[in-house]
Structure formats: structure tokens, C-alpha cells
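# Structure at a glance
So the chains spell out like this:
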There are 2 protein chains.
Amino acid sequence: MKATTERYRTLGIKLTPQRLAILECLDGNKSHPSAEDIYKEVLKRFPTMSFATVYNTLEVLREKGGVQALTIDPDRMRYDPDTMGHHHLICQRCRKVVDVHSDVKVDIPEDMAHGFEITGSHMEFYGLCPKCKAKED
Amino acid sequence: MKATTERYRTLGIKLTPQRLAILECLDGNKSHPSAEDIYKEVLKRFPTMSFATVYNTLEVLREKGGVQALTIDPDRMRYDPDTMGHHHLICQRCRKVVDVHSDVKVDIPEDMAHGFEITGSHMEFYGLCPKCKAKED
DNA sequence: GTTACTGCAAAGCTTTTGCATCCCT
DNA sequence: AGGGATGCAAAAGCTTTGCAGTAAC
């Protein structure tokens, strides 16, 4: 059994060919794809694939912790199969997103937490990616 | 002349009663309102106010640096008149957003920048606000 | 056999745009 | 006076939903 299938099962959801294709598309994907990116990719293998199935599956995966929804793009949701804590570099010109795995522990002082019970954190670094920086001149 | 009016002029945009109302609504506003929040608020004083005017004005203000657009809410854009670098606490249940002004310098090691030219950063802390934490039990 | 997923289409929301009119400078 | 903003409505883009048929368990 493929590793992807195995991991899928551990999520405790019904396994379908479409869902398997979506998970394989996400597997190790560092491009932070949008739902449409995933749809287009999976469409190559499943010409009858529905957009609704992509959204439904992503929502289920998100609930089960199989994918992380990122709000880093003003225009659309982005998805990240890497659900371990990490941060992101975002190109403000072309919207490219790159992972930043940092050991730096991000903590907030107790007196600034305003009574919140903090469960996670995320750092975003904005700037220009190498390609867009080159075009700038 | 009111301080708000004065600051508005320094942005170099045409001053209208509607725009003034929007800026006054934003002035010192710590609630990180959505466009609709602002629309509803301004509607009280300008019953003929158009949604398009709110969006147009927010876009102009954003370009001129008079307001910051936040992508911290999956459902809608949020706006923040505080354009000085600061971070946010976000309640994942009710979407309440609270400012975090921290002196902690947020920097990324050169070797993790992936060639990006970094122009800014933003930290998000997720969790439950006091009210939602109380309901949790 | 049941449960629940798929696919299609339509609807829902937020945000944008076109255009005629009006108003600030 | 002229350029730009307003207001209205319609459109656009992303995402969700209802439903009948179908596949996974």
C-alpha cells in the first residue's frame, strides 16, 4: 500500500480515487496551492472532477488536520500540507510563498496575551522574491 | 481644523464628507473592522453612502499608506488604521482581533531568506479570547 | 445495506467595475 | 471649469450548498 493511502486512512475518512488524487497532489507540495491550482492538477487524471469535491475534500482534510488553510493571499485561500509549525515568506508582487522552518521559538509575553489562550502562531515575512526583485530594476 | 481632516489632507487625496466619515470611523479604531463594518457605521451618518465608495476609499487609503489591509480573516478583508508595525492576537472562534505591540525585533536569518528582499513582517497568534474560552467549558 | 461522497448547477458573499451625475478644489 | 468622487446596479471571482445518483465501507 502506498504511503499516501496509508496516511489517508489514519485520517479516518472514506477513501475515494478523487480524494486520493487530491492528497497525492498535496503530498510534499511546497507551492501553497489554491483550490483552483489543486483542481486543475487533479483534473488531468480525473476529467470529471468537480470543483465542489475539491472544496469539500479540503474542508474535511482541514478538520482532520491533514492540511492547513493559509490566509496569506488576499485573493484566495491557499493550502499547505505541512501542518507542522513553520512560517512563510511572501512575495508581495507575484504572491509566491516559501516555507521558513525556523527553530526560533515564537512566544508572546504573558502580559501581552490579553487573556487569550494561545494555541499557535504564525510569522509572515513580506518582500520581493528574487525574480520580482530582478524585474524591479 | 480637526486633526482627522488635517491628516487626511496630508495623504494628498480629495476630501469629501463621505471620506471624512470613513477616516473618522477608522481613527483610533482597534476593532479591525471589515468593509461592511465600516459601511454600516458610516451609513448612520450618510444614509446614501454606497458600498462602492467604502471599497474605493479603502483602496485609495491603502495605496497612500493611510490604512493597512489585513488578511487575517478567512472570510473577509479586515482594515487597520494603525500602520506602524505591530502584531495580532486572533480568536479562532469569534474572529476577534487584538493588537500586540511588541518591542521584540522580528528578524529572519539571512540564510533562510531564500534570496527575498524583506520589507516587513507580521506575527499572528491564534487562540481563544477570554469570552470564547469561558464558553468552552 | 448504509453511509457518505461525487458531480452538476445554482446560489451566496465579498469585492470590483461601468457609467451618469455631482461636487470638491 | 475640470478632474475626480459618488451612487446605483450589474458583474466578477471565490466558495458553499442542494440534490440525485453512485461508490466505499
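Please read all numbers here as calculations on a predicted model, not as lab measurements.

Once that is clear, we can look at the domain arrangement of chain A. Residue and element names in this part refer to chain A. By the assigned domains, chain A splits into domain 1 (2–80) and domain 2 (87–136). Between the C-alpha centres of domain 1 and domain 2 the distance comes to 23 Å. With eight residues of domain 1 in contact, the opposing surface of domain 2 contributes nine residues. Summing the contributions of domain 1 and of domain 2, the shared interface buries around 710 Å²; its carbon and sulfur component is 53%. Taken together, the links from domain 1 to domain 2 amount to one salt bridge.

Okay, the side chain of H86 of chain A next. Residues and elements named next belong to chain A. By the secondary structure assignment, H86 is in the loop between β2 (78–80) and β3 (87–91). A polar atom in the side chain of H86 sits 2.9 Å from the side chain of D80. Engagement of the side chain of H86 in a polar contact is seen with the side chain of D99, the distance being 3.2 Å. The residues touching H86, leaving out its near neighbours within four places in the chain, are Q68, D80, D99, V100, H101 and H122.

Attention now moves to the relation of the copies chain A and chain B. Relative to chain B, chain A is turned by 180 degrees and slid 0.0 Å along the rotation axis, the superposed coordinates differing by an RMSD of 0.1 Å. The transformation just described matches what one would write down for a two-fold rotation axis. It is M123 of chain A whose C-alpha, among those of chain A, lies nearest the rotation axis, at 2.2 Å. Mapped onto chain B, 100% of the interface residues of chain A are again interface residues, and the two copies thus contact each other with one and the same surface.

Ordered by their spatial adjacency, six strands build an open sheet running β4(A)-β3(A)-β5(A)-β5(B)-β3(B)-β4(B), and the pairing between neighbours is mixed. Among the strands making up the open sheet, the edge pair consists of β4 (97–100) of chain A together with β4 (97–100) of chain B. For this sheet, the mean inter-axis angle between neighbouring strands, taken without regard to orientation, is 25 degrees.

Below, the discussion takes up unusual backbone geometry. Residues and elements named next belong to chain B. A positive phi angle, close to 70 degrees, is found at R95, a residue other than glycine. The residue R95 is located in the loop between β3 (87–91) and β4 in this model. At H114, a residue that is not glycine, the phi angle is positive and equals roughly 50 degrees. Mapping H114 onto the fold places it in the loop between β4 and β5 (117–128). A residue is classified by how much of its surface remains accessible, and H114, at 45% relative accessible area, is partly exposed.

Taken as a whole, helix α3 (residues 35–43) of chain A has its buried residues at A35, I38, Y39 and V42 of chain A. Axial view of α3 of chain A: buried residues confined to an arc of 100 degrees, hence all on one face.

As a further point, take the protein's contact with DNA strand D. Around DNA strand D lies a shell of 20 residues, among which L15, Y55, R76 and M77 of chain A together with T48 of chain B are the nearest. Close to the protein, within 4 Å, the atoms of DNA strand D belong to sugar or phosphate groups at a rate of 80%. For DNA strand D, a phosphate oxygen lies 2.9 Å from a polar atom in the side chain of T16 of chain B. With respect to DNA strand D, the side chain of T53 of chain B contributes an N or O atom lying 3.4 Å from a phosphate oxygen. Tallied by class, the residues present in the surface near DNA strand D amount to seven nonpolar, seven polar and six charged.

This next bit is on the packing of aromatic side chains. The tally for this structure, following the rule as stated, stands at four aromatic pairs over all chains. For the ring pair Y39 of chain A and F51 of chain A, a centre distance of 4.3 Å and an interplane angle of 20 degrees mean the geometry is stacked. Of this pair, Y39 of chain A sits in helix α3 while F51 of chain A is found in helix α4 (residues 51–64), placing the two residues 12 residues apart along the sequence. When its relative accessible area of 30% is taken as the criterion, F51 of chain A is described as partly exposed. Aromatic pair F51 of chain B and Y55 of chain B: ring centres 5.5 Å apart, planes at 20 degrees, arrangement stacked. Of the two residues, F51 of chain B and Y55 of chain B are both situated in helix α4 (residues 51–64); the distance of four residues between them amounts to about one turn of the helix. Aromatic ring contacts, followed pair by pair, group Y39, F51 and Y55 of chain A into a single cluster.

What counts and what doesn't
- Residues numbered from 1 in each chain as written.
- Chains lettered and ligands numbered in written order.
- Predicted model: local features only at pLDDT ≥ 70, side-chain atom pairs only at ≥ 80, totals over all residues.
- Heavy atoms only, no water.
- Domains from an automatic or database assignment.
- Contact = heavy atoms within 4.5 Å.
- Buried area = accessible area lost by both parts, 1.4 Å probe.
- Salt bridge = Lys/Arg side-chain N within 4 Å of Asp/Glu carboxyl O.
- Helix = DSSP H or I, 4+ residues; strand = E, 2+ residues; numbered from the N terminus.
- Polar contact = N/O pair within 3.5 Å; in protein donor to acceptor, adjacent residues only side chain to side chain.
- Least-squares fit on C-alpha atoms with pLDDT ≥ 70 in both.
- Pairing = 2+ DSSP bridges.
- Axes fitted to C-alpha atoms, helices over the stretch in contact; angles between N-to-C directions.
- Buried < 20%, exposed > 50% of the residue type's maximum accessible area, 1.4 Å probe, protein only.
- Arc of directions from axis to C-beta.
- Near = heavy atom within 4 Å.
- Nonpolar A, V, L, I, M, F, W, Y, C, P; charged D, E, K, R; others polar.
- Phe/Tyr/Trp six-rings, centres within 6.5 Å; stacked < 30°, edge-to-face > 60°.

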